[in-house]
Structures are given as structure tokens and as C-alpha cells.
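Okay, here's what each chain looks like letter by letter:
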Amino acid sequence: MRRSAAPSQVQGKSFKKTRFIPPGRSNADVSKEITKMSPDTKLFQCAEQSQNDPGVCSSNPGPTEGIPREVGDGTRVDPLPPVHSASKEITESKAQEEEASSLLKYFSVVWCKASKKKHKKWEGDAILIVKGRSFTLKDLEGKDIGRGIGYKFKELENVEEGQTLIIGGKEIEILGTVSSEDFNSGKCFQHGSGSPTVPSSQAARKCFSNPFKSVCQSTQAQGNRQNDCRPRHNPCTPNALVMPRPDENHQWMFNRHCSPIVDVVIDPHLVHHLRPHQKDGIIFLYECVMGMRAVGKCGAILADEMGLGKTLQCISLIWTLQCQGPYGGKPVIKKTLIVTPGSLVNNWRKEFQKWLGSERIKIFTVDQDHKVEEFINSTFHSVLIISYEMLLRSLDQIKTIPFGLLICDEGHRLKNSSIKTTTALSSLSCEKRVILTGTPVQNDLQEFFALVDFVNPGILGSLSSYRKIYEEPIIMSREPSSSEEERKLGERRATELTRLTGRFILRRTQEVINKYLPPKIENVVFCRPGALQIELYRKLLRSQSVRFCLQGLLENSAHLICIGALKKLCNHPCLLFSSVKGKEFSSSREENEERNLCQGLLSVFPAGYNPLQFSEKDSGKLQVLVKLLAVIHELRPTEKVILVSNYRQTLNVLEEVCKRHGYACARLDGQTPVSQRQQIVDGFNSKYSTDFIFLLSSKAGGVGLNLIGGSHLILYDIDWNPATDIQAMSRVWRDGQKHPVHIYRLLTTGTIEEKIYQRQISKQGLSGAVVDLTRSSEHIQFSVEELKNLFTLHENSHCITHDLLDCECTGDKGHTEDASEGPVASRQCQLGPQKSDSSRPLSMSQLKQWKHFSGDHLNLPDPFLERIRENVSFFFQNITNQAPAV
Ligand SMILES: Nc1ncnc2c1ncn2[C@@H]1O[C@H](COP(=O)(O)OP(=O)(O)OP(=O)(O)O)[C@@H](O)[C@H]1O
Ligand SMILES: [Mg+2]
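The rules behind each value
- Residues numbered from 1 in each chain as written.
- Chains lettered and ligands numbered in written order.
- Predicted model: local features only at pLDDT ≥ 70, side-chain atom pairs only at ≥ 80, totals over all residues.
- Heavy atoms only, no water.
- Axes fitted to C-alpha atoms, helices over the stretch in contact; angles between N-to-C directions.
- Helix = DSSP H or I, 4+ residues; strand = E, 2+ residues; numbered from the N terminus.
- Parallel < 35°, antiparallel > 145°, perpendicular 65-115°, else oblique.
- Contact = heavy atoms within 4.5 Å.
- Nonpolar A, V, L, I, M, F, W, Y, C, P; charged D, E, K, R; others polar.
- Near = heavy atom within 4 Å.
- Polar contact = N/O pair within 3.5 Å; in protein donor to acceptor, adjacent residues only side chain to side chain.
- Areas by Shrake-Rupley, 256 points an atom, 1.4 Å probe, with all protein chains shown as cover.
- Pairing = 2+ DSSP bridges.
- pLDDT = per-residue confidence, 0-100.
- Buried < 20%, exposed > 50% of the residue type's maximum accessible area, 1.4 Å probe, protein only.
- Salt bridge = Lys/Arg side-chain N within 4 Å of Asp/Glu carboxyl O.
- Phe/Tyr/Trp six-rings, centres within 6.5 Å; stacked < 30°, edge-to-face > 60°.
- Lys NZ or Arg CZ within 6 Å of the ring centre and 35° of its normal.
- Core = buried A, V, L, I, M, F, W, Y, C linked by side-chain atoms within 4.5 Å.

Novice: Just to check I follow, could you spell out the packing of helix α27 (residues 558-571) against helix α35 (residues 752-761) for this structure?
Specialist: Between two packed helices, the angle of one axis relative to the other and the distance separating the axes together describe the packing. Contact pair α27 / α35: the axes reach a minimum separation of 9 Å and the direction vectors enclose 110°. Looking at the two axes, α27 sits roughly perpendicular to α35. Judged by residue contacts, Ile563, Leu566, Lys567, Cys570 and Asn571 of α27 engage Ile752, Glu753 and Ile756 from α35. Here the contact of α27 with α35 is built from residues that sort into 5 nonpolar, 1 polar and 2 charged.

Novice: What is the right way to look at the site of ligand 1 in this model?
Specialist: Among the 19 residues in the neighbourhood of ligand 1, the closest are listed as Gly307, Thr311, Glu351, Lys354 and Arg734. The separation between an oxygen atom of ligand 1 and a polar main-chain atom of Leu308 is 3.3 Å. A distance of 2.7 Å separates an oxygen atom of ligand 1 from a polar atom in the side chain of Glu351. Relative to its unbound accessible area of 640 Å², ligand 1 is 94% covered by the protein chains. Residue assignment for the shell around ligand 1 shows that the elements contributing at least two residues are α15 (310-323) and α16 (345-356). The class makeup of the residues in the shell around ligand 1 is 4 nonpolar, 7 polar and 8 charged.

Novice: Help me understand the side chain of Asp304 in this model?
Specialist: Mapped onto the secondary structure, Asp304 falls in the loop between β12 (299-302) and α15. Of the polar contacts made by the side chain of Asp304, one reaches the side chain of Arg508; its length is 2.8 Å. Excluding residues that lie within four positions of it along the chain, Asp304 makes contacts with His277, Lys310, Gln313, Thr437, Gly438, Leu506, Arg507 and Arg508.

Novice: Is there a simple way to think about the sheet that holds strand β13 (residues 336-340) in this case?
Specialist: Whenever strands of a sheet pair, they do so through backbone hydrogen bonds, lying parallel or antiparallel. An order of β14-β15-β13-β16-β17-β12-β18 is seen for the 7 strands of this open sheet, with the pairing classed as parallel. Of all the strands in the sheet, just β14 (363-365) and β18 (505-506) have a single pairing partner and so form its edges. In terms of strand pairing, β13 meets strand β16 (residues 405-408) through 4 bridges, oriented parallel. Across the sheet, the residue bridging to Thr336 is Leu405, located in β16.

Novice: Please clarify how the confidence of the model for the protein should be interpreted in this entry.
Specialist: Do not read the predicted coordinates in detail wherever pLDDT is low. On average, residues of the protein score 78 in pLDDT, and 76% of them are at 70 or above. Taken as a whole, residues 1-91 scores under 50 in pLDDT and shows 167 contacts with residues more than four places along the chain or in a different chain.

Novice: Please clarify how the environment of Leu165 should be interpreted in this entry.
Specialist: Within the fold, Leu165 resides in strand β10 (residues 164-167). In this structure Leu165 comes out as buried when scored by relative accessible area, which is 0%. Counting along the chain gives 51 residues from Leu165 to Ala114, while the straight-line C-alpha distance between them is 9.6 Å.

Novice: Hey, could you run me through the pattern of salt bridges in this one?
Specialist: For the structure shown, the criterion picks out 31 salt bridges. The salt bridge partner of Glu181 is Arg492, with a shortest N-O separation of 2.3 Å. With Glu181 in helix α8 (residues 180-185) and Arg492 in helix α23 (residues 484-502), the pair connects residues that are 311 residues apart, well separated along the chain. Here Glu181 falls in the partly exposed class, since its relative accessible area comes to 41%. Accessibility expressed as a relative area gives 23% for Arg492, which makes it partly exposed.

Novice: Is there a simple way to explain the sheet that holds strand β19 (residues 520-527) in this structure?
Specialist: Strand order in the open sheet formed by 8 strands is β21-β22-β20-β23-β24-β19-β26-β25, and the pairing between neighbours is mixed. Taken across any chain shown, the strands that pair with only one partner, and hence form the sheet edges, are β21 (665-668) and β25 (851-854). Across this sheet, the average inter-strand angle for adjacent strands is 15°, counted without regard to direction. As paired elements, strand β23 (residues 712-715) and strand β24 (residues 741-748) share 4 bridges and run parallel to each other.

Novice: Whenever I open this one, the packing of aromatic side chains confuses me. Can you help?
Specialist: Here the distance between the centres and the angle between the planes together describe a pair of aromatic rings. Applying the stated criterion to the full structure yields 14 aromatic pairs. Ring plane angle 55° and centroid distance 4.9 Å describe the contact between Phe577 and Tyr609, whose orientation is recorded as tilted. A residue pair is termed long-range when its members are at least 10 positions apart, and Phe577 in helix α28 (residues 573-581) and Tyr609 in the loop between α29 (589-599) and α30 (620-635) qualify at 32 residues. Both residues of the pair, Phe577 and Tyr609, belong to the buried class. Cluster of aromatic residues (ring-pair linked, three or more members): Tyr106, Phe183 and Phe189. Over the face of the ring belonging to Trp111 we find Lys170, whose NZ or CZ atom lies 5.3 Å from the ring centre. The lysine or arginine in question, Lys335, covers the ring of Phe375, its NZ or CZ lying 5.0 Å from the ring centre.

Novice: Is there a simple way to think about the nonpolar core in this case?
Specialist: The nonpolar side chains of soluble globular proteins are, as a tendency, buried together. Core analysis: the biggest nonpolar cluster contains 116 residues, and Leu337, Trp348, Phe352 and Leu425 have the highest contact counts within it. It is α15 that provides the largest number of residues to this core, a total of 8 residues. Not counting the four nearest positions on each side in its chain, Phe352 is found in contact with Ile315, Ile318, Ile338, Gly357, Ile361, Ile363, Val383 and Ile385.

Novice: What's the story with the pairing of strand β11 (residues 170-178) in this structure? I'm lost.
Specialist: The side chains of a regular strand alternate, residue by residue, between the two faces of the sheet. With 7 of its 9 residues buried, β11 lies for the most part within the structure. Judged from the 8 bridges that link them, strand β5 (residues 104-113) and β11 form a sheet pairing that is antiparallel. Residue pairing across strands places Ser108 opposite Gly176, the latter belonging to β11. Of the strand pairs in this sheet, β10 and β11 are connected by 4 bridges, and their pairing is antiparallel. Across the sheet, Leu165 pairs through a bridge with Ile172, a residue of β11. Linkage of β10 to β11, two consecutive antiparallel strands, is achieved through a turn of 2 residues, within which Gly168 is found at a positive phi near 50°.

What follows is the structure, encoded as C-alpha cells:
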């Protein structure tokens, strides 16, 4: 050991007698500290040579003094300490050198600035990493707060528990060793995140075998309390769903008045309806919000796939917590706040009514006529349902209400901690927070942090520590250039992050309810473009704007205008015509550019063309649509159709088609007042409805709606973002649907629509992180190569998507690729490989396994497809659940 560097020699005797008052220790410990400090206190040199201990550096001059060096990550290190004489260095054995390089130890330490002050306090915890002949000191946020290299192996090897050292101007005390397992997983950095007090709900449930025996023992002492502490529902009935009882830790923390423990039992009226996964989900939610899964944290993320009944699970939780509690039977909460997209406010009310009737619980929904004040003044309403928009407007009032539980429906919108809504909701004092989302939450590590930190603030530390401890190592490990060591560290950190957050995130996939659902027949239909469409398409591709785009000469969003024009043309040429005719006086730059682009096309339209009297023959897809509607109407007169487009103008065209053919229709788009939306949905779902068609703008109202009144869903156009389409498709194939569900995705053969579809299902589209409803196409970047591909019309192919699949068939035999051909490609979650997930977009190789036929195929297996074949060049079809009797 370097005696020359001992504090007694460097800093004089006063330092030797330094008295520490470490946080949380009694004065009795101080004498021990002193003994530890001297003479064994070791002095190390470090990167963070503090200004106030110059003596450390200069006390022992040596050969390398004054030459700054760099450590691995480029950090400049102060001059190496003159630790040993040159001759000693030379005599160090080679074997020792080798030993040194394999030395790797981790210690938990406390630290404070080294000073001569009498009364010092430890300033924080840290992790000391001793590696080879160097050390690094990291705070619990993962930040380096000290480092140094070039020590003698022996010095570092002998570091042990209880020692007090000075390194880089910091005084540290070694508290204990940290296993490499705990370091690699990042566990040693976790503070305050708590560990599960209940390992699993299964284990917890075991202790219920005889609830009356141990629970609520009616001793004399409990006397009058006996009646209060009986479970609200009998936990002994065969189907009783009993919540896990709190363990001793929980009781110690929350049962301050030593009330008797009472079983919390879900209302049998609800249990009767619950699916098995919903029962598990309710136990999960209960454990989370009661703080039984992570000490001191009461949040949960329920990320079940769309249609799994997240609403019912929450209603069960609310109803239970508002009436019952484990301590003396006292209700855990009094009031609940549910925040949801505007179009779902009334859906929530309906679901409450559906499952609990109107007497058990009083719901208050905020709208134009019903303000938050009414809820504040009401004594009998206990649940407030409000839209995100209204919440922002009434935040000050909402803050005054002591909500016990906060539920954020479609909560993936809180993924950005800096947006207004997240800030507003975070400012509420309510600790029990639940996020509901059907969208996977683990695809982006920063968004993941925001959601987790919202429900359980601080559980992953600060954002900067999260980045250092999890995000950076995980991302680094996925770089092709990462070392073996980096790869392993990243994997371990990812595993640990999953373990840590897995306690309060639950996701189940569609498969769990498949058996309760009717068959689903999905079709991708490639429609031949009409003659006018082809002519206009060619002309558009030859336009100056497109040529400039391909030469990279146009700025900003010019390519988006060209893409927009092509998409309109695919829907119907009349939409292009209207872009010129309807907008002569537009002041917006985009509209002007679009008008200029389309102006040159007018000569292609027949003289006297009137867009309002459009012909169905001018659009391949519209022709297919008209025939499809006719055959559904004819073969399934009692069934109804949802017709989806992303554009209001297209919905206008489709509405006009409905009128022409005498089909009654309902419509919901971005302009439909929020207050009317549920009524429109209910009207359509009702068996008394005379509407045959529901026109839906997927962007406006797709999320969360139940449109089980319809069993045929036609996606008229395609969005860049597969999540938009997946959301729309999930509206019909869900609990309550009685008929086999038919889904038709219409694409115009050889055009940009096929390219968008390919992008949706190819790796490129997926790695662009578009599996997310809140991302819009404006953020998609295109290379010139990609634009060239987008701006090409393939006139001679039946289906360029099929051509890309490398499938050997010619589309004439109803070909299906052997499903055993290999693993199906899917997007990797940043936390590691995921289970199959039906809300993820289809991949190319999955598509290859679908049945596929060319339009010329002789025996189409489906009467609906048979009727439209004349205008169709290719079909893909996939049937989930058993084959329907079509
Ligand atoms: N156990 C059940 N039995 C019958 N119907 C159910 C059951 N659970 C839920 N449902 C019904 O299933 C439909 C879908 O439920 P819900 O709207 O809660 O889905 P979700 O999980 O919120 O989906 P999304 O992510 O699309 O919002 C609703 O009509 C609901 O009433
Ligand atoms: Mg929902």
C-alpha cells in the first residue's frame, strides 16, 4: 500500500481525526469511522481531481506527472499519480499484469467531498468499479463522478468492505460488494424502486383457502367492528374472485389503525361475465394500485391488445375499490377520474351501464352542458369521465378534487413527457394511476420511460440516469459494431428493465379471446385502375413537379404533394379535378402547389367534366366497391358494412355512391361533434337500425370504438401508418360480434397504393417506427431511390406485391406457401424479441403464407370475391378461426 499517499502524510494530522456523521448512523459509529480512517485510509488519484485537494496530486511527483491521458470513452484524465518508482514498475511480474487485466470488482459505496471539516456528511451512494488497474466511480444515476487509471494491481485487488478511501477528491467508504450479476443487470443502481412484496398473485391467492378462519376474527376486542369487517361478498362461493390479501409489509405500511383484515371480493354480478384473462387482469390491477407489486408505487399499464375488454377490467376495479378495502373493509378510494379521447366519453358511460346498471354507481360525464363544477358539488357522483381536451380546460378545478384513482384511456398519448396533457395529468396528486393502451409500449425506449414514469414516478430514476443505465447500453448493444462485452451488458440491462417494469405492465394478445369470436376472413384486393386513372397517372408522373422531386430539386414537402395527388387519383379522378376547380383562391402554399400540379392534368378530363357527377367506372376501386356492396346486400341482407377512408373528401364521394344506390348510411368523421358520436355508433349497432353502411374516417374516430353492428369492413384507402388500419380493422372483430367478419383492403394495382402497402409490411416500414397511431406520414423521410420507386406505375403486373414475394406460383391455383418455410419476420422490440402480437403489422413472409389467386383464377372460393373478379387482378386471403360457411 502506498504509505506515502496516506492522508496523515498528505494532509496532516487533522485529517486523520476527521469525524464523519454518515446519514442514518448514530454517533456511536463515529469512533469506528475514525479507526477505519487511519492509518488504513487509502488515497487514490482520479480523473475528477478536485480543486480543493491539490495536495493529493502533488504529494508524490513521478515520471508521468503533468501529462494528461485519455481513458476509453475519450474522457481526459488528469496526470497520472506518481505512484511507484520506475524500477519497481519494471520488476512487476508479467503474471501479475495478466491477473490485473482480469480483475473486475464492484462495490457499493457512500461518498462525500474530501475535506478537513470536522463534521461531514455523506453526500450520496455510488458504485465503485475496479477493473484491471483502473477504477470508475458512478453515482446511482449511472453518471461517472470519478475515474482513474494506472494503479498497482495489488492496491486495487485488496479493496474491501469497510475501507475508507480517498479518490479524486472524494472520500468514499466501501459498504459492500456488488455482484457482477447485479451490476450487469443494473439492479445495483435501483433505489427506491422497491421489490415486489407479493411475488405472484397465484402465491398470494393460496392464503385464501379458508378466509373466515383467519380473517376478521371476531374477538371481544374487536367487538363492534365485527359487522364492519365482513367481506362485502362471500369469498367462499365456488366462483368467488378474491383479491390477494396484503402481506405483513403492506399492513405495516398502510394499516396504521390496525384494522382487521377483510377479504376484498369482486362483485359476483361482474364475475359472472368475466373472461379468464380479465379475472387475471383485475387481480393484476388491484395488486398494482394497492402498492403490492412495487413498494411505494401504485401505478399500472394495461396494454392488452384491442378489444380484450380493458374497459370492463377497469370498471371492475373501480367498483371494487370504491366499495371495499382490505383494512376493516373501508373503501380504498372515494372518487375516480377517467380521462379518455372525446369520442369515447360516452362509450365509457355505456360500458358502466352495461356491466353495473345505472343504480350501483353514479357516473358523471363532462360535456358542453355538464361542467366539472356540477361534479364538485354533487354528493352522489363518484366517477368523473372527461376528454383529454376538456381536462386541459378544467385542470384547475380538477386539481381541487381528491381523486383516489386516475385512469388514462388510450394512454399512449402520454408517451411524451413534455406535452401539455402529460404535464397536466402529472400535476394531479393522485398516486394510483392506470394507463390503458392497445398499442405496444416497448418499441421506443424514451417513450417507454415517459409512460412508466407517469404511472410510477421515479421508479426508473431520473431520465438522465435511465439513459445511462438502460437506454445507452441497450442501444449500444444493438449496434453492429458493438463488442461482446457491450452486447452482453445491453442484453442484461434489457432483461432487468423488462423484469423491473414487468411487475406493473400487462399485455395479452388477441389469441386469448379468439375462441369467443367468430371467424375473420381478411382479403387484400388489387383493383385494376380505370382508363382515365391510368392516363392521368402517366401524365402526373411526367409532370415537372415529379421530375424535380426525383432530381432532388424541390424543397420541403413538395414530394408529399405529389404523393397526395397520386393517392387522390387512386381513390377517384374527380378528387384531383376538385383540387384545381374548388381552390382557385386558396392562400395556403400547399394548396397552391397542388393546384399547379393538377392544373396541367385538366386537359386529360373529358370536356365539361363535372366532379359532382363522377362516374364509378373512372376508378377501379370504386367499381369494385359498388359490386361488393351489391353482393353483400344481396347475399347477406341483414348484415352491415363499415366503409373506412382517411379522407373526408373521399368519404363525400362514397356517401354520394351510397345515395345513388339507395343504401342508408351513418357517418362519423373529424367534423362530427364529439357529443353525437356515441349516439351515431349506438344507432348503427342497434338491431333496429336501417343503416346498411357506416362511413368512418379512421383517423377521426377509429380508436376505441365498438362497431360490432357491422360484420363487413372495407378499407377504401391505405395509410402509411399500419396502426391506423389495424385500429380500424379491430372495430368489428371484437367481443359481441355475432357474424363472421369479412375485411377487404382495396388497393389499386401497380400504383403508389401497392408501394405504401409494401412499406407497411416490409422491414423498412417497420423499422421506421410507424407502429404507432400518433406518428403521421409527414415525418417519413424518403431517399431519391425510394421516390423513384413510389413514382413508377407498373402497368403490366397483376400484382407487384406478389412479384416481390419471390413466390413461384402464377396465381392460378389458389396457391399457399408452405407455412413451415421458416421464421416469420417481425419487428424487434427494443427490449428484445416479442411474442406474436396481432396488433403488429403483417410481414412480407406472413403475407406469403396467405392464400392467393390471380383475378383470372377459375374457381374462387368465396362468392363475394367471385362477384368482383372482373375488376380485380389479384387477391390475398387469410382466414382466422375456422373456415366460415360462406
Ligand atoms: N367478458 C365480456 N363478455 C362480453 N363482452 C365483453 C366482455 N368484455 C368486454 N366485452 C365487450 O367487448 C368490447 C370491447 O371491449 P373494450 O372496448 O373494453 O376493448 P378495449 O380493450 O378497450 O379495446 P380498444 O383497445 O380497442 O379500446 C366491448 O363491447 C365490451 O363490452
Ligand atoms: Mg378501449
